[in-house]
Structure formats: C-alpha cells, structure tokens
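Examination of the molecular architecture
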Amino acid sequence: MPISNKILIITAPSGAGKTSITHRLMHTFTQLAFSVSAATRQARGNEQHGKDYYFISPDDFKKHIQHNEFVEWEMVYEGKYYGTLKSELQRIWDAGKIPVLDIDVKGAIHVKQQYPDTALTIFIVPPSVDVLKKRLESRGTETTESLAARVNKASYEISFKDHFDKQILNDNLEHACEAAITIVQAFLAK
Ligand code: 5GP
C-alpha cells in the first residue's frame, strides 16, 4: 500500500480518551503527523492556531464548504463546525507522512467511505457513559449545558461502534495505548 494514501482515524465519544491515545501514537511513530482540523469554536487554554486547530470564523468555514475544500465537515456541537481540509491531508502526504485524524464518529465514517482501502478507523470505547461523564467533569472545560450535550451525544455515538475497523476499550489508559500501538504497527507495516 503506498504511504501517500494511508490515513489513520481515531474516533470516540468526547472524553473517551482519544486525545491521550492519539498523542501516545504520535510520540511512538514518527511516520504519523497530526491532521489539524478547521474549527469555529474558540481556542481553550493554551491551544494554538495551526497546531491544535485552525481556528476560523463561521464565514471562512462556509467559504471552504462552498469551494468544496473539505474531505468532511460536521456541526459537531450546536453551532460549532469542525472539518478536515483536503489541503491538510495533502500537506501531510507531501511531507511523506501519514495523517492522524482525531475526529467525531460521523466524520470518521465519511472519511472511511472516501478512502475505504487506505484508511484505518479505530473506535475508542469508554467503559461506560457514567465514567465518561465523570472524566469530562474532572477535565473542567465544560459548562453544565455543554457537558449534558457531550454525554447525550456519547450514548448515540457508542451505538455506531460496529462501523469501525478496530475497537479499543479504554478502561485503563496504558492498556488502551498498548493495544493502539499494536494495531498501528500492523497498519504501518502493510
Ligand atoms: P473539541 O471541541 O473537544 O476539541 O472537539 C470536539 C469533537 O470534535 C471531538 O470529538 C473531535 O474529535 C471532533 N473533531 C475535531 N476535529 C474534527 C473534524 O475535522 N471533523 C469532525 N467531524 N470532527 C472533528
């Protein structure tokens, strides 16, 4: 399989640990490069434009849609748009690397439909919706409303878990990271 076409997609409900697992994979495999999504939400804490997201205005986001510049995009939360730019995947492939997409469940399904043979989708399964809620609460980044929205969405997203190539239960972060590393090693060797 040519390296230029591979895509690694990590998806999960918010709070299931996908960002931690993605970071671990990025540190383990130098061939991987994080695909920076465009998003219309505000940057949090020490998030940086161009590193965590391309933080853009809703108007600019609409322009990218009109010009057909997204591989996929979603209104992930009420009024907040997120999308993977075609130019971002190309930038990473041109650098001889494999893009890693940390995106929501619907976005993951859309990308896989477009790259059925070269994309690998990994779904991180949280131990339970209750544990997920506690994790989000302790992260302290959510308001009561946004926490409720994320928890409701999580139950819905878990119902899609059979759509993905691989599933990893994250009841222990270290074990989940090791499982992810084994899966990605096999994917890179193909
Ligand atoms: P957060 O606001 O917590 O950074 O991300 C919210 C959700 O949006 C996460 O589940 C994240 O994976 C997802 N997300 C980030 N970028 C994209 C993207 O480009 N497309 C889609 N569909 N989801 C994304």
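To start, this report covers the structure provided alongside it. (Residues numbered from 1 in each chain as written. Predicted model: local features only at pLDDT ≥ 70, side-chain atom pairs only at ≥ 80, totals over all residues. Heavy atoms only, no water.)

This brings us to the packing of aromatic side chains. Taken as a whole, this structure holds 9 aromatic pairs when the rule is applied. When the centroid spacing of 5.7 Å and the interplanar angle of 65 degrees are considered together, the rings of Tyr-53 and Tyr-82 count as edge-to-face. Of this pair, Tyr-53 sits in strand 4 (residues 53–55) while Tyr-82 is found in strand 6 (residues 80–85), placing the two residues 29 residues apart along the sequence. Considered together, Tyr-53 and Tyr-82 belong to a single accessibility category, that of buried residues. Lying across the ring of Phe-187, Lys-6 places its NZ or CZ 5.2 Å from the centre. Taking the ring centre of Tyr-77 as reference, the NZ or CZ of Lys-153 above it sits at 5.3 Å. (Phe/Tyr/Trp six-rings, centres within 6.5 Å; stacked < 30°, edge-to-face > 60°. Helix = DSSP H or I, 4+ residues; strand = E, 2+ residues; numbered from the N terminus. Buried < 20%, exposed > 50% of the residue type's maximum accessible area, 1.4 Å probe, protein only. Lys NZ or Arg CZ within 6 Å of the ring centre and 35° of its normal.)

A few words on the nonpolar core. Of all hydrophobic cores here, the largest spans 27 residues; its most connected members are Leu-8, Leu-25, Leu-32, Ile-122, Ile-124 and Val-184. Looking at this core, the elements that each hand over two or more residues are strand 1 (7–11), helix 1 (18–28), strand 7 (98–102), strand 8 (119–125), helix 5 (129–139), helix 6 (144–158) and helix 7 (173–189). With 8 residues, helix 7 is the largest single contributor of residues to this core. In this view, Val-184 contacts Leu-8, Leu-25, Phe-29, Leu-32 and Ile-122; residues no more than four positions away in its chain are not counted. Core analysis: the next-biggest nonpolar cluster, separate from the first, contains 16 residues, Ile-9, Trp-93, Leu-101 and Val-111 among them. (Core = buried A, V, L, I, M, F, W, Y, C linked by side-chain atoms within 4.5 Å. Contact = heavy atoms within 4.5 Å.)

This paragraph deals with the site of the ligand. The environment of the ligand is made up of 17 residues, and the closest members are Ser-37, Arg-41, Tyr-53, Glu-72 and Tyr-82. Measuring from an oxygen atom of the ligand, one finds a side-chain N or O atom of Asp-102 at 2.9 Å. Between a nitrogen atom of the ligand and a side-chain N or O atom of Asp-104, the distance comes to 2.8 Å. In isolation the ligand offers 510 Å² of accessible surface; the protein chains occlude 94% of this area. Among the elements of the structure, strand 5 (70–77) and strand 6 are those that each provide at least two residues to the shell around the ligand. Counting residues per element, the shell around the ligand draws most heavily on strand 5, which supplies 4 residues. (Near = heavy atom within 4 Å. Polar contact = N/O pair within 3.5 Å; in protein donor to acceptor, adjacent residues only side chain to side chain. Areas by Shrake-Rupley, 256 points an atom, 1.4 Å probe, with all protein chains shown as cover.)

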